[in-house]
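The lines below spell out each chain.
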Amino acid sequence: MFMYEEAETLTIFGIQVYAFGSFAALGALAMLTAVCFLSCRKKCRKGTAPLLMLMCMIFGAIVSRIVYCLLTQRLGQTVPLKYWAAAVTGGGWSMMGLIGGMFAGTRIAAGLTGQKYSKLADITACALPLFIAFERFGEKYIEGFDTSRPLTVSLFDNTFLYMESEYDPCLATFYLAAIAAAVLFVILLADLLRKERDGNTAILFLLLFGAGATILESLRYDRFLSITFVNLEQIMAMLCLWTGVILACRRAKGRKGLKRAAIASLPAATAIGVGLEFAIDRTRISHLLIYAVFIVVIFIPAVLGMMLEKKTK
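The structure contained in this document is the topic of the report that follows.

Parameters at a glance
Within every chain, residues take consecutive numbers counted from 1 along the sequence as written. Totals for whole chains, interfaces and linings use every residue, but because this is a predicted model, local features are given only for residues with pLDDT of at least 70 and side-chain atom pairs only at 80 or more, for both listing and counting. Excluding hydrogens and water, the side-chain values take into account all heavy atoms of the structure. Only DSSP runs of H or I reaching four residues or more are called helices, and only runs of E reaching two or more are called strands; each is numbered from the N terminus. Residue exposure (1.4 Å probe, protein chains only): buried if accessible area is under 20% of the type maximum, exposed if over 50%, otherwise partly exposed. Computed by Shrake-Rupley with a 1.4 Å probe, the accessible areas treat only the displayed protein chains as cover when residues are assessed. To estimate the expected span of a helix, count its residues, drop one, and scale the result by 1.5 Å. Any pair of nitrogen or oxygen atoms within 3.5 Å is treated as a polar contact; in protein, a donor-acceptor pairing is required on top of that, and neighbouring residues in sequence qualify only through side-chain atoms on both sides. Nonpolar core, defined: a set of buried Ala, Val, Leu, Ile, Met, Phe, Trp, Tyr and Cys residues in which side-chain atoms within 4.5 Å join the residues together. Only heavy atoms enter the contact rule, under which two residues are in contact if any of them lie within 4.5 Å.

1. Concerning the overall build of the protein
Right, on to step 1. From N to C terminus, the protein includes 9 helices and 6 strands.
Right, on to step 2. In the protein, buried positions account for 49% of the 313 residues.
Right, on to step 3. When the accessible surface of the protein is summed, it comes to about 15700 Å², and 67% of that surface belongs to carbon and sulfur atoms.

2. Observations regarding helix H3 (residues 95-113)
Right, on to step 1. Here H3 contains 19 residues, and its C-alpha end-to-end distance of 27 Å stays within 8% of the 27 Å for a straight helix at 1.5 Å per residue.
Right, on to step 2. With a side-chain oxygen positioned 3.4 Å from the backbone nitrogen of Met 96, the residue opening H3 is Ser 94.
Right, on to step 3. Backbone geometry just after H3 places Gly 114 at a positive phi near 70°.

3. Here's the deal with the environment of Glu 143
Right, on to step 1. Note that Glu 143 resides in the loop between helix H4 (117-138) and strand E3 (162-164).
Right, on to step 2. In this structure Glu 143 comes out as exposed when scored by relative accessible area, which is 73%.
Right, on to step 3. On a C-alpha basis, the gap between Glu 143 and Ser 165 in space is 9.0 Å, while along the polypeptide they are 22 residues apart.

4. Concerning the nonpolar core
Right, on to step 1. Among the nonpolar cores identified, the biggest contains 47 residues, and Met 31, Val 35, Ile 99, Leu 128, Phe 205 and Phe 209 are the most heavily contacted of them.
Right, on to step 2. Breaking this core down by element, the ones donating at least two residues are helix H1 (19-41), helix H2 (48-71), H3, H4, helix H5 (173-192), helix H6 (200-219) and helix H7 (232-251).
Right, on to step 3. Looking at this core element by element, the count peaks at 11 residues for H4.
Right, on to step 4. Residues in contact with Ile 99, not counting those within four places in the same chain, are Leu 128, Ile 132, Phe 205 and Phe 209.
Right, on to step 5. By size, the runner-up hydrophobic cluster in this structure holds 28 residues, among which are Ile 203, Leu 207, Cys 249 and Ala 252.

Next up, the structure:
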């Protein structure tokens, strides 16, 4: 999407580096550190950490690029196959594709090391938010990327979230996404260190990340990976939430009533969320009020899924 000639650079110890790429590299280093630590705590086999990280990076990059090229529309067409490899000099990536690719890489690493996928998936799920936090922070160096609709309230004036765009002041949603990812890492780390049943932390990641990303993708207004008014990354975030709730229902013991409520809440939350999306752009109702309702509605399935996830222990 952005050519490398236009990328913002930083000077570190007299060396000029690409700003966004540097933060992505720091995120990968932070994730590797977490993977090494968690592999030791989970008593994984020797060599698991570097192999797991390698598979995550390879498959994450490949799937992220493929998803971007398949979903990006240029004059009604996707990016031609011959341009898919132009990852360094131009083009873009899909965060949801990256996440899916990393879990696919985790599956490969589990097979190669002869360990349970659920065990390694917990490690990936816990460490991944560290990478996301650095990557989101690095988005501040990409002009016009990951920002909100024009602000209609003064609540965020004189805060770090306020920024001036080309036309109107807006919300620096990349900061919100970075903070949310950092908080998610702390929550998942605490969950994983309890040494409960393998797979629970991965489900918790799907629940919390899916719900949070659905809201954050609604806030952003850069039309990245969108077809007309449909935000494709937001749809994939909601699918993460659906997947987390369904997995929690399958693994939980008993609680049929809670399972029915959790499953029923998914289409209800999705339908209400679509209505709220239209209300944001087509009514004069306070955006703060709409988003307050939006957060409650989207997190109801996540909370129900978390209640079920507790019953798998």
